[in-house]
Amino acid sequence: MNRVLARQLKTNVCGSKHIFQRAWSTHVTRKVSSTAGSNESNANSTGDSPQHDIAIVGGGMVGIALAASLASKPLTKHLNVAIIDNNPLLGRKNIIEKGHLPDPRVSTVTPATISFLKDIGAWKYIEEQRHAYFDKMQVWDYTGLGYTRYNAKDVDQDILGCVVENKVLQSSQLSCVQESDLQKTIYPARLNSMDMLPSSSLTGLGEVPSTADLFMRGRLAKLELSDGNNVYAKLVVGADGSKSRVRELAGIKTTGWNYSQNAIICTVEHTVENFTAWQRFLPNGPIALLPVGDKFSNIVWTMDPTEASDRRSMSEDDFIKAVNDALDYGYGPHPEITSSGGSSLSWLTGDVNISAKERFETPPKVVKLSSERMMFPLSLRHAKDYVSNRVALVGDSAHTVHPLAGQGVNLGFADASALSRAIAEGIALGTDIGEANLLKRYEAERKPANIAMMAVLDGIQKMYAVNFGPLNAFRAAAFHGAHYISPLKKRIISYASGEQSLPLFS
């Protein structure tokens, strides 16, 4: 953890106690040409350069989540929203085929995220597609010194989470937007440039100022798109990923680092259905086996770049053998703790009895590779600011984290929820929704929570990046404590489920 992020953590955390059912209800834009000096009307303008309340740059899961959240609120459901993304899937009615094999790009959504998706009306569409709830999770490492099993019943819940394909999450939220009163326009283009001028008085303008006048007075941002369109908006939201063009054009700096690790993701098949989330820490990084429904699971395997390239190119049979080895006796033994609780760490908790549901289990064997193997590099990045005048960042545009706990998209959904609430509050108060002072409320809510999760995940990654005897014993003690100390286990499960408090503090 570098000094900048550590200082942010101290300052911001310690001090805070269906598939598509029909086409889009509006339209996909055609190419037009315009200039800032042209005479245009307000939000429903038929002029060459349309004006919107909000321009969301990025139509991925988090960007569409924001649109769906706005569409679900009484104060924001009639807003005029532009969605700028050149992904051709956004213009298709049906992006999920019946009987398709699971896509390797999945997300593990927490109970808090499920609650959000229910609130915006998306979960009913997700339940019509393949998804996999899990109520148990087992985590262990290659040394055989310790493990922990988490059960939803430990916190009086039915589930710990649900694994959903990203395209199911996206299309389900799009269905919500399509069926809403939200005025929406898709711009199938990339953002080229963004211009904003300082705010000044509207005195002397007509009763209905033109778009050009509002832009010249700093009340609108101007976006120039790759298809030749110019779009104006009161608020620009960067939901365009870790290489955010919005963040770059807004001049917002980031801090962070690259991990010397790549992740391989793919879909695999078993002979039986998997109902547990499994994660084992190996010398070069963790491997996770996540249920995705039917007899399929998703693999997320982190390792150094050279090993990742080798694993990606090896034959299917060799890869399956390597996966089963990594999830069983490969690299080291199973944790050996007797039914009476005896182990080298029994001094930590004394003699306790282990129920059958808490004993170490071996994951189901993988028998087939059911998708391509995809590989991507890992990094930690955090924007120094989430907002500036007429700009707000959400999701990976504001923060990227290590995937070891599957928390990235959950942080993004929480961002979308918080920003939509801030916008609704601004409308209720009659405030310009693009003013930095309003947007700072969103930043104040989300930055501490995101930094805290980033610090926890980075700490875990670093703790397991070193193979050193005393540190191995410390990790084993941590596993042992998390398994047997009930209050600690409950705090960890609750935090991972979406609560904002840190695991060790009330």
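- As annotated in an unreviewed UniProt entry, the chain carries the name Ubiquinone biosynthesis monooxygenase COQ6, mitochondrial and is attributed to Brassica carinata.
- Per UniProt, the comment on the chain under Sequence similarities (unreviewed entry) is "Belongs to the UbiH/COQ6 family."
- Comment text from UniProt for the chain, heading Subunit (unreviewed entry), reads "Component of a multi-subunit COQ enzyme complex."

Section: the overall build of the chain
Now for step 1: Scanning the chain from N- to C-terminus turns up 14 helices and 21 strands.
Now for step 2: Every one of the 506 residues in the chain was classed for burial, and the buried ones make up 55%.
Now for step 3: Of the roughly 21300 Å² that the chain leaves accessible, carbon and sulfur atoms contribute 52%.

Side note on the confidence of the model for the chain
Now for step 1: Taken over all residues, the pLDDT of the chain has a mean of 82, while the share at 70 or more is 75%.
Now for step 2: Of the regions scoring below 50 in pLDDT, residues 338–352 engages in 26 contacts with residues more than four places distant in sequence or in other chains.
Now for step 3: Residue range residues 502–506 is modelled with pLDDT below 50. Its contacts to residues more than four positions away, or to other chains, number 11 contacts.

Details of the nonpolar core
Now for step 1: Ranked by size, the top nonpolar core spans 71 residues in total, and within it I54, L223 and L419 carry the most contacts.
Now for step 2: When residues no more than four places from it in sequence are discounted, the contact partners of I54 are L70, L79, N80, V81, A82, A233, L235, V237, I423 and I433.
Now for step 3: Judged by nonpolar contacts, the second largest core, of 24 residues, contains W278, W301, M303 and V366.

Looking at the pattern of salt bridges
Now for step 1: Here the structure, examined in full by the defined rule, presents 15 salt bridges.
Now for step 2: Between R105 and D103 there is a salt bridge whose closest N-O contact spans 2.9 Å.
Now for step 3: Where D294 meets R130, a salt bridge forms, and the shortest distance between an N and an O atom there is 3.3 Å. Of the two residues, D294 is situated in the loop between β15 (285–293) and β16 (296–303) and R130 in the loop between α4 (123–126) and β5 (131–134); the sequence distance between them amounts to 164 residues.
Now for step 4: Look at D294 and you get partly exposed, because its relative accessible area is 43%.
Now for step 5: Looking at R130, the relative accessible area reads 17%, which means it is buried.
Now for step 6: Through salt bridges with shared partners, a single ionic network connects R130, E165 and D294.

What to know about helix α3 (residues 111–119)
Now for step 1: Three or more residues of α3 are buried, namely T113, I114, F116 and L117. One side of α3 holds all its buried residues, which, seen down the axis, span an arc of 160 degrees. Away from its buried face by more than 90 degrees, α3 exposes K118 and D119.
Now for step 2: Once α3 finishes, G121 follows within two positions and takes phi at roughly 90 degrees, a positive value.

With respect to helix α5 (residues 166–178)
Now for step 1: Here α5 spans 18 Å end to end across 13 residues, near enough to the 18 Å set by a 1.5 Å rise per residue.
Now for step 2: Here α5 lies mainly inside the structure; 11 of its 13 residues are buried.
Now for step 3: Along α5, the positions that sit buried rather than exposed are V168, L169, Q170, S171, S172, Q173, L174, S175, C176, V177 and Q178.

Focus: the side chain of S297
Now for step 1: With respect to the element layout, S297 can be found in strand β16.
Now for step 2: A distance of 2.7 Å separates the side chain of S297 from the side chain of H270, its partner in a polar contact.
Now for step 3: Apart from the residues within four sequence positions on either side, S297 is in contact with C266, T267, V268, H270, N274, L289, L290, P291 and V292.

Looking at the packing of aromatic side chains
Now for step 1: Counted according to the given criterion, the structure contains eight aromatic pairs.
Now for step 2: Considering the side-chain rings of Y147 and F360, the 5.6 Å spacing of their centres and the 80 degrees angle between planes classify their relative orientation as edge-to-face. Here Y147 is found in strand β7 (residues 147–151), whereas its partner F360 is found in the loop between α10 (346–349) and β17 (368–369), with 213 residues between them in sequence. The exposure classification of Y147 matches that of F360, with both residues buried.

Comments concerning the pairing of strand β18 (residues 374–383)
Now for step 1: For strand β13 (residues 254–269) and β18, the ladder comprises nine bridges, and the chain directions are antiparallel. Counted as the bridge partner of A263 is F376 from β18.
Now for step 2: Relative to strand β21 (residues 399–400), β18 runs antiparallel, the two being bridged by two bridges. What sits directly across from R381, in β21, is T400.

Topic: the sheet that holds β5
Whether parallel or antiparallel, the strands of a sheet pair through hydrogen bonds between backbone atoms.
Now for step 1: Read across the open sheet, the three strands follow the order β4-β8-β5; overall the sheet is antiparallel. The sheet is open, and its two edges are formed by β4 (106–109) and β5, each paired on a single side. On average, adjacent strands in this sheet sit at an angle of 20 degrees to one another, irrespective of strand direction.
Now for step 2: Relative to strand β8 (residues 161–165), β4 runs antiparallel, the two being bridged by four bridges. Bridging across to β8, V106 finds its partner in E165.

What counts, and at which threshold
Residues numbered from 1 in each chain as written. Predicted model: local features only at pLDDT ≥ 70, side-chain atom pairs only at ≥ 80, totals over all residues. Heavy atoms only, no water. UniProt positions renumbered as here; feature names shortened; annotations may be inferred. Helix = DSSP H or I, 4+ residues; strand = E, 2+ residues; numbered from the N terminus. Buried < 20%, exposed > 50% of the residue type's maximum accessible area, 1.4 Å probe, protein only. Areas by Shrake-Rupley, 256 points an atom, 1.4 Å probe, with all protein chains shown as cover. pLDDT = per-residue confidence, 0-100. Contact = heavy atoms within 4.5 Å. Core = buried A, V, L, I, M, F, W, Y, C linked by side-chain atoms within 4.5 Å. Salt bridge = Lys/Arg side-chain N within 4 Å of Asp/Glu carboxyl O. Arc of directions from axis to C-beta. Expected span 1.5 Å × (residues − 1). Polar contact = N/O pair within 3.5 Å; in protein donor to acceptor, adjacent residues only side chain to side chain. Phe/Tyr/Trp six-rings, centres within 6.5 Å; stacked < 30°, edge-to-face > 60°. Pairing = 2+ DSSP bridges. Axes fitted to C-alpha atoms, helices over the stretch in contact; angles between N-to-C directions.

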